[in-house]
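# Descriptive structure summary
Here are the chains, one letter per residue:
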Amino acid sequence: MLFRSMLGAGVCWSLGGIIVKSLTVADVWAIVFWRAFFMAAFIGVLLAALRGRAALAAVRAVGVPGLIAAACLALQIYCFILALRNTTAANTFVLMSVSPLFAALMGLLFLRERVAWPTWIAITVALAGIVIMFGEGVNGGRWIGNAFALCIPLAYACQILFIRKVRGTAPDLMPTVFLGGLIALTPALFLGGPLAVGPRDLALLALMGCVQLGLGCWLMTLAVRHLTAAEMGLLALTETVLAPFWVWLGVGEAPGAAALTGGILIIAALVLNAGLAMYAEPAEAADPATRAERARRANS
């Protein structure tokens, strides 16, 4: 069930590219506003349904670190749209997929967490893939979109850093996602131009906010307390693989040779890292301290 939840999250997230490429509205402010609005509304209703009167208290409990984490999520929402507007879906989703590796580096720099040798290998291979993709982007005029795409894992790593600094390894993510939506829509509301969109675009943005982002994030929260980081990272690659396929199928956008080469390197690095981490998991699970920590996470 938990594996299916994470797979479902990856499938939901993979729809972002084809939805954005299918929109007729070009204004980034309008796209971000309505996507964030529908996401916040979906998560807000879900919080109220699941938590009842405790929902508001859960939102208040995130504190300043939770607000910073939510702001990092809001930044990802903007960068995602800007990336898809300036580069291919394949480049966007592949560059986004290095988020676990960036999070590992942030943990090393700020939380003094040890980075295992397979992760160092994965980071090196992934960097080679990134260099290849940026080389193509400079020649094809897509480097700006690639840069926005690479900002997403950086913002994600900062988000995880602030969450883990206070909340530990299994935080309550739903209030942070809800606040991230509110933070994202606020600049668009006050700084953007007319936010009116046509009925077709509004329906697509509602699908994007509620299903692609809202439902995807909720499915992830069902799995995050019970699956290991390696298992989640491996299952989340569903998004990276499916997103370019939907865009190619829907609008005929195909990745170039360099994008394919760099993407294969990055995905191979992520699979290697997650696979070796999962292989090491049985040995860690045999340790009494690790079993106690797993029990605490499952019951928290």
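Worth saying up front: this structure is predicted, and the values here are computed from it rather than measured.

## Description of the overall build of the chain
When helices and strands are counted, the chain shows 14 helices and zero strands. The secondary structure elements of the chain, listed N-terminal to C-terminal, are α-α-α-α-α-α-α-α-α-α-α-α-α-α. For the chain, the proportion of its 300 residues judged to be buried stands at 48%. Restricting the contact set of the chain to residue pairs at least 6 apart, pairs at least 24 apart contribute 88%. If you sum the accessible surface of the chain, you get close to 13,800 Å²; carbon and sulfur atoms cover 72% of it.

## Some points on the side chain of serine 14
Within the secondary structure, serine 14 sits in helix α1 (residues 2–14). Residue serine 14 is classed as buried on the basis of its relative accessible area of 0%. Polar contacts involving the side chain of serine 14 include one to the main-chain carbonyl oxygen of valine 11, which spans 2.6 Å. Not counting residues up to four positions away in its chain, the partners in contact with serine 14 are Phe93, Glu239, Leu242, Ala243 and Trp246.

## As for the pattern of salt bridges
Summed over all chains, the structure comprises two salt bridges. Between lysine 21 and glutamate 253 there is a salt bridge; the shortest N-O distance is 3.1 Å. Here glutamate 253 lies in the loop between α12 (229–251) and α13 (257–285) and lysine 21 lies in helix α2 (residues 16–22), a separation of 232 residues in the sequence. Between aspartate 201 and arginine 200 there is a salt bridge, with its nearest N and O atoms 3.7 Å apart. Aspartate 201 gets classed as buried once you look at its relative accessible area, which sits at 3%.

Here is what the cut-offs are and how they apply
- Residues numbered from 1 in each chain as written.
- Predicted model: local features only at pLDDT ≥ 70, side-chain atom pairs only at ≥ 80, totals over all residues.
- Heavy atoms only, no water.
- Helix = DSSP H or I, 4+ residues; strand = E, 2+ residues; numbered from the N terminus.
- Buried < 20%, exposed > 50% of the residue type's maximum accessible area, 1.4 Å probe, protein only.
- Contact = heavy atoms within 4.5 Å.
- Areas by Shrake-Rupley, 256 points an atom, 1.4 Å probe, with all protein chains shown as cover.
- Polar contact = N/O pair within 3.5 Å; in protein donor to acceptor, adjacent residues only side chain to side chain.
- Salt bridge = Lys/Arg side-chain N within 4 Å of Asp/Glu carboxyl O.

Don't take any of this as a statement about function, it's just geometry.
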